[in-house]
Structure formats: structure tokens, C-alpha cells
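Inside the fold
What follows is the residue order along each chain.
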Amino acid sequence: MYTQALNAGAAERETPFVEDAGAAARFQARIDAEERIEPNDWMPAAYRKTLTRQISQHAHSEIVGMLPEGNWITRAPSLRRKAALLAKVQDECGHGLYLYAAAETLGTSREEMVDALLEGRAKYSSIFNYPTLTWADIGAIGWLVDGAAIMNQIPLCRCSYGPYARAMIRVCKEESFHQRQGYEIMLTLCRGTPEQKAMAQDALNRWWWPCLMMFGPPDSQSQHSDQSTKWKIKRFSNDELRQKFVDATVPQGHYLGLTFPDPDLRFNEETGHWEFGEIDWDEFRQVLAGNGPCNRERLAARRKAHEDGAWVRDAAAAYAEKRRARTEMKVAA
Ligand code: BYC
């Protein structure tokens, strides 16, 4: 019902304002002045659409992202590791919920967004279509995947859309803790037996390239970047963030005593950047097309969870209806 009200609100918000050049110019002037856009403010339909797309994909990524790590909760090597991993996976769920709530303020209901994911119409981050084969993968995900997520999300704290920017502040704080717990797992393995260090190396070998793909296609092929930059949704381009991530992460890997699976990786003294080899964009396209190693498994798990949770949604809706009827009776009395 809450969602219906929001949807109705969205329709009403859009109708009184004709999408003329004047309205668009006033909107752009607000963006240029670094003003935050809030849910009840006028916004171009395309701004609403692009944010709904990005925030809902981000929410789906958090929820699907629980699956590869959830795979290791029962097999964590100690109680301390299990407690930390459980807390991390719960945090991801919380991030998904803030993000769905932020996206709902744009007028699309959570049910519609979830249906789009389950029907395969919505994307989620390519990274979560890779398997977690060993315990070291939990370290690599925290260190690299959360590290990449932070690099991408810190600038989103300054995104022009208020609810998204505010959600990102808390998300980034939690991601920072996740990144450290992942790095600490890697450090422990790298200081352990040769077998443990080899396990950490193998995880880095498998996760490195998919992590570089998380930042999206190269700038020359990024269809949304120009407009999203103009609207200050994006503050850095895909390639800029990818480079920042490589520059921050390579020294961390070397400190662990690990090598990167890239023969072309070298430090350029003149630019002060780590140069890296060609990313396999064909693999990226395949994963986005649903043909990654775990795409089918991930969607099947989400669909099953959704079906298994139907009774919870029914019970919550029945309870809300009961409360509403009780409140109405009290008001009438
Ligand atoms: N995977 O024009 P572009 C996390 C799509 S972290 C899948 O550059 P944009 C977590 C893109 O959607 C991960 N799809 O797009 C971490 C577009 O397709 P559509 C989630 C991708 O939006 C740890 C097309 O390719 N983070 O959740 O300007 C533990 C063209 O791309 C990917 C976010 O979502 C990809 N890697 O830039 C647990 C951050 N890359 O929509 C959880 C917010 C691109 O036209 N999102 N595509 O069909 C963003 O910052 C931006 O949306 C992106 C892409 C940088 C990802």
C-alpha cells in the first residue's frame, strides 16, 4: 500500500510539470550548483529512469552478493570467522534494503524491482556470477570485491540524488569494515603454511580480472556515463575508478607477498600509475548475457528464496491490514 501511494505520487509529480526546456534548464542549474535533488522535486523522466535503473541494480547486487559468501558460513574455519562472515552477509542484506527503499522514492515499487530481477530483466553486478571455491575466496571477496565497491561508492556519497547519496554513507562505512576483514583473512593465509598461501594466490588469480570488470565497460563504450556525469550521479568515469582501484590494490597484494595474474602489470614512474593488461571484455559480455559460471545458479537460488518467503510476505500483509483496520475503527469510535 505504501508502494502504491508512492507510485501514485510519482505519477502526480510528473503530470503537472511539462517537460519543457525551461524546466530542464532549471533542473540542470540546481545540479550545477551542487543542490541535492529530493523525491518530491521535479526531475526529468530520464533522470528518474536512470537512477531507478542504477539504484535497483545496485540493490540486486547486494542481495545476490549474499549468495557466494553465504556458501561459506557453515564452513568458516573458526567461530570468530563465522561470526564475522555472518555479520557481513547480514550487512549486505541491509544495504539491499536501504537501496530498494531509496529506489522506491523514485516511484517504482520494490515488488516491481524484485520481479524484474527474478524474471531476468534486471542486471546485477557481474562479479557475483563467479563461484567461491575455497575459504580464501572469502578473503579475496572482502579485500578485492568490497575494495572495488568502496572505490565506486565513495563518490556516490556525493551523488545528486539525496536518498541514494545518504544511503551510500552508511553502506561505505560498512564496506570499509568488510574490506579489512577480507584483507585480514588474506594476511593470515599468506603468513600460514605454503598450502594456505597457495590458496590465497589461487583466489587472487581467479578474482582479479572479474574485479576489474566490476567498474563497467571502458569509457569509450559506456552508454550512460556522459549523461550520468552531467547529472552528477557519476563523479568519476569507469576507467578512472578502475585505475584508482588498481593503484590502491597492487601494493596491498605485494605486501601480502602475492603476484597478480597479469604479465603486463608495471608501475609507470612518470604517471605514478600501475599500468595493466587488456581486460577480456568478451568474458564480461558473456557474463552480462547470462552465460557466466554461476548466472543460472544465482537466479535459481533467488527465485527459490522468493517462493519460500511467500508465506512471510502474506503474513506481513495480513498483519498490516489488521493494524490498519484496527486504527480505522479507533478513529471512527
Ligand atoms: N555488472 O553505461 P555503463 C556490491 C551494465 S558492489 C553488470 O557504464 P553505468 C557488493 C550497466 O548497468 C556491485 N552490469 O553503465 C560488494 C549498463 O547496462 P544497462 C554493485 C554492468 O550505470 C560487496 C551497461 O553495462 N555496485 O553490491 O553508467 C559485497 C553499460 O554500462 C556492470 C553498484 O551497482 C557490471 N559490473 O555504470 C556485496 C554501484 N558494469 O543498465 C555487494 C552503482 C556495467 O543499460 N552502479 N554494467 O542495461 C554504478 O556505479 C554504475 O551503474 C556502474 C555502471 C559503474 C556499475
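Criteria and thresholds
- Residues numbered from 1 in each chain as written.
- Predicted model: local features only at pLDDT ≥ 70, side-chain atom pairs only at ≥ 80, totals over all residues.
- Heavy atoms only, no water.
- Helix = DSSP H or I, 4+ residues; strand = E, 2+ residues; numbered from the N terminus.
- Buried < 20%, exposed > 50% of the residue type's maximum accessible area, 1.4 Å probe, protein only.
- 1 Å grid on protein atoms, 1.4 Å probe; cavity = no way out; pocket = protein on both sides within 12 Å on 5 of 7 lines; lining within 4 Å.
- Points joined across faces, edges and corners; volume = space filled by probe spheres on them.
- Nonpolar A, V, L, I, M, F, W, Y, C, P; charged D, E, K, R; others polar.
- Near = heavy atom within 4 Å.
- Polar contact = N/O pair within 3.5 Å; in protein donor to acceptor, adjacent residues only side chain to side chain.
- Areas by Shrake-Rupley, 256 points an atom, 1.4 Å probe, with all protein chains shown as cover.
- Sits in = over half its atoms within 2 Å of the grid points.
- Core = buried A, V, L, I, M, F, W, Y, C linked by side-chain atoms within 4.5 Å.
- Contact = heavy atoms within 4.5 Å.
- Axes fitted to C-alpha atoms, helices over the stretch in contact; angles between N-to-C directions.
- Left-handed = near helix turned anticlockwise from the far one by under 90°.
- Disulfide = S-S within 2.5 Å.
- Parallel < 35°, antiparallel > 145°, perpendicular 65-115°, else oblique.

**Describing the environment of Ala-29**
Mapped onto the fold, Ala-29 is located in helix H2 (residues 21-32). Residue class for Ala-29 comes out partly exposed when judged on its relative accessible area of 43%. As for Ala-29 and Arg-326, which are separated by 297 residues in sequence, their C-alpha atoms are 47 Å apart.

**A few points about the layout of surface pockets**
The calculated volume of the largest pocket comes to roughly 1,200 Å³. Per-element accounting of the lining of the largest pocket gives the leading share, 7 residues, to helix H7 (residues 136-153). Across the lining of the largest pocket, the residue classes break down as 20 nonpolar, 16 polar and 11 charged.

**Some remarks on the site of the ligand**
Near the ligand, the surroundings consist of 31 residues, among which Gln-57, Lys-123, Ser-222, His-224 and Lys-234 are the closest. Between a nitrogen atom of the ligand and a main-chain N or O atom of Met-213, the distance comes to 3.4 Å. The side chain of Asn-238 places a nitrogen or oxygen atom 2.9 Å from an oxygen atom of the ligand. Across the complex, the protein chains shield 92% of the 1,000 Å² of accessible surface that the ligand would expose by itself. Among the cavities detected, the one that contains the ligand is the largest pocket. Residue assignment for the shell around the ligand shows that the elements contributing at least two residues are helix H3 (45-64), H7 and helix H12 (281-291).

**Examining the nonpolar core**
Ranked by size, the top nonpolar core spans 81 residues in total, and within it Tyr-47, Tyr-161 and Trp-208 carry the most contacts. Element by element, the count of residues in this core is highest for helix H8 (residues 162-190), at 11 residues. For Tyr-47, the residues in contact, after removing those within four places along its chain, are Phe-27, Ile-31, Ile-37, Ser-160, Tyr-161, Trp-231 and Ile-233.

**Observations concerning the packing of H7 against helix H11 (residues 238-256)**
As a packed pair, H7 and H11 sit with axes 10 Å apart at the nearest point and diverge in direction by 145°. As for the relative orientation of H7 and H11, their crossing is right-handed in sense. Here Trp-143, Leu-144, Gly-147, Ala-148, Met-151 and Asn-152 of H7 come into contact with H11, specifically with Leu-241, Lys-244, Phe-245, Ala-248, Thr-249, Gln-252, Gly-253 and Leu-256. Its residues assigned to classes, the contact of H7 with H11 comprises 8 nonpolar, 5 polar and 1 charged.

**Details of the state of the cysteines**
Counted according to the given criterion, the structure contains 0 disulfides. The thiol of Cys-211 is not disulfide-bonded; the next cysteine sulfur, from Cys-294, is found 14 Å away. Overall, the relative accessible area of 0% leaves Cys-211 in the buried class.

**Considerations on the packing of H3 against helix H5 (residues 79-104)**
The description of two helices packed together rests on the angle between their axes and the distance between the axes. Running from N to C, H3 and H5 point in directions that differ by 160°, and their axes come no closer than 8 Å. Here H3 lies roughly antiparallel to H5, going by the angle between them. In this structure, H3 meets H5 at a crossing whose hand is left-handed. Across the interface between the two elements, Ile-55, Ser-56, His-58, Ala-59, His-60, Glu-62 and Ile-63 of H3 pack against Glu-92, Cys-93, His-95, Gly-96, Leu-99, Tyr-100, Ala-102 and Ala-103 of H5. Each residue belonging to the contact of H3 with H5 can be placed in one class, and the counts come to 8 nonpolar, 5 polar and 2 charged.

Read these as geometric descriptors, not functional statements.
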